[in-house]
Amino acid sequence: MELALAGNTSTLRKRLRTAALLFMLAWPAAAAVYAFLVLNYDPSLVSLADRLLPPSFAHPLGTDHLGRDVLTRLLLGARQTVGYGLLALIAAVAIGVPLGIWAGFKGGLADRILMRIADAFLSFPDTIVAIVLTGLLGAGLENLLLAILVVKWVSYARLARSTVLTERGKDYVLMARINGLRPGRIMSKHLFPHLIGHVLVLASLDVGKIILLISSLSYIGLGAQPPAPEWGAMLNEARPYFQAQPSLMVYPGLMIVFVVLLMGLLGDYWRDKFDVRKEVRP
Amino acid sequence: MSLLTVNRLSIAGPRQPIVHELSFDIRAGEWFAVVGQSGSGKSVAASAIGQLLPSNLKATGEIRYDGRNLLALSPADMRRIRGRQIAYIFQDYQGAFTPFHTIGRHFDDVQRLHLSLSKDERRQQAESSLVFVGLSEEVYDRYPSQLSGGQLQRAAIAIALLPKPDLLIADEPTTALDSVSSFRVLELLSRLQKESGCAILFITHDWRHVRKYADRIAVMKDGRIVEAGDAQEVLHRPRHPYTELLIQSSPSLSRFNRLSSSEVTS
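Residues numbered from 1 in each chain as written. Chains lettered and ligands numbered in written order. Predicted model: local features only at pLDDT ≥ 70, side-chain atom pairs only at ≥ 80, totals over all residues. Heavy atoms only, no water.

### With respect to the pattern of salt bridges
Enumeration over the complete set of coordinates arrives at 26 salt bridges over all chains. Its salt-bridge partner being B:Arg216, residue B:Asp25 comes within 3.8 Å of it at the nearest N-O pair. Here B:Asp25, found in strand β2 (residues 17-27), pairs with B:Arg216, found in strand β9 (residues 216-221); they are 191 residues apart in sequence, far enough to count as distant. When its relative accessible area of 13% is taken as the criterion, B:Arg216 is described as buried. Among the salt bridges present, the one from B:Lys221 reaches B:Asp222, with a minimum N-O distance of 3.3 Å. Residue class for B:Lys221 comes out partly exposed when judged on its relative accessible area of 30%. Within the structure, one salt-bridge network assembled from shared partners comprises A:Asp64, A:Arg68, A:Arg73 and A:Glu237. (Salt bridge = Lys/Arg side-chain N within 4 Å of Asp/Glu carboxyl O. Helix = DSSP H or I, 4+ residues; strand = E, 2+ residues; numbered from the N terminus. Buried < 20%, exposed > 50% of the residue type's maximum accessible area, 1.4 Å probe, protein only.)

Printed below as a string of structure tokens:
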């Protein structure tokens, strides 16, 4: 009886989650289609005659304090926030994973040096490093991305290294060596595939964090600079008009919440999918 | 004619020595068994032959094969010999296969490196060697997790023997198998040894495997060979008290059984 109940709630939860995922995917897709068909606004063109307009057919979400179309800016902001976030993430994975595999496989001095460097990076909170680096290099999205890269590669290197360490001792790695495979080939063909699942899960959970980091640093003026339509920066620009037009702050905020949630759900989904331990062997 | 000669091989870890001045030789085509408790250094000695020691262990002495000292070979030269002329199979049949590669891909790794064949020829050769060890051709496209332990160990043997090695080093290949599967694997090894003329260095702690198949035996204790010689000689007239102890502690070779087994053989 209990079992059946648990089964039902878990299927219900699964369905709800799928519905939520689909809804969240459909929503930006519809917006993108709409933007493609109807909206032809310059996201940074100032038009003081149209400032702070309420929603209308021409401006579905109204205009901001400089007369720019809010929906256009929100959608293009996705490119800034999500696009650059993904870019930073991919760069971090591309640097961290090979370094981690190499360190774990080789072991010895190289491994120790790399891991002490990694420890040093890990001992500072992400946000602090990002603020310090952008402070040193100058505010701007490029420097912010560099800071994120510097902070994030470490966790991928560690993840790759720890997985390789558990796999390295197994006989199939020895077997591959006996069969004469070169270290590079062993790493890429026999060890790297173990990591794909782990890396995808960590990466999808990280996207949310990176988006939050970009937005929050843009909000305090260290990331994207106006008039770039970045969500955090839009929040900041809308701040003085909060009482007159609260929706100006609500929309970019909602976008951030939605994307971060979506990525979190995606991460959960992937974690379930790649969790081998749960899998029942045929 | 001796195929491989181990001469005063010593292996030391960072703190203490593991193997002391080991000397033995393996003749072409024979079944040479090394028997000893776990921790006696037999596996370490076997990995030294293929330069497979972990980096914190250092081997000194000489392992002569084909006129060369295997311990002094460069990694590139070793790569040409290991897997091709000296093959290995291990105890952990599950770990010996990369979980996300099919059995066929494991064949491919060996074939592409040591033999130059077209894709179809490679598949054909692999399938016929699978059939040869008593597996079906379909195993070629299976993943390791879809096969049983005995099947995996036989597939490992098929892969190891593919390049027609002179010496197969079998490091406790039946320890993790049930008795029926291990019997089949042993029978298979003995058939292959007779048909291909490949010598087998068989490492085990189980006398039952030694009695029937081995031509010669070396008994190891604490990193030293305490007794070596012709299999029947060692089994029936052990000179060293440790050998006697080992034989007596083996269930099927206890004093009572020993009598009956000697009656059968004589």
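### Observations regarding the UniProt feature "domain: ABC transmembrane type-1" (unreviewed entry) in chain A
UniProt's entry tags residues 78-267 of chain A with the feature "domain: ABC transmembrane type-1" (unreviewed entry), counted in the numbering of this structure. What you have in residues 78-267 of chain A is 83% helix and 0% strand, and the ends, taken at the C-alpha atoms, are 19 Å apart. (UniProt positions renumbered as here; feature names shortened; annotations may be inferred.)

### Quick look at the environment of B:Asp215
Residues and elements named next belong to chain B. Within the secondary structure layout, Asp215 lies in the loop between α7 (207-213) and β9. With 165 residues separating them in the primary sequence, Asp215 and Gly50 have C-alpha atoms 23 Å apart. In contact with Asp215, not counting residues within four places along its chain, are Glu30, Trp31, Gln193, Asp230 and Ala231. (Contact = heavy atoms within 4.5 Å.)

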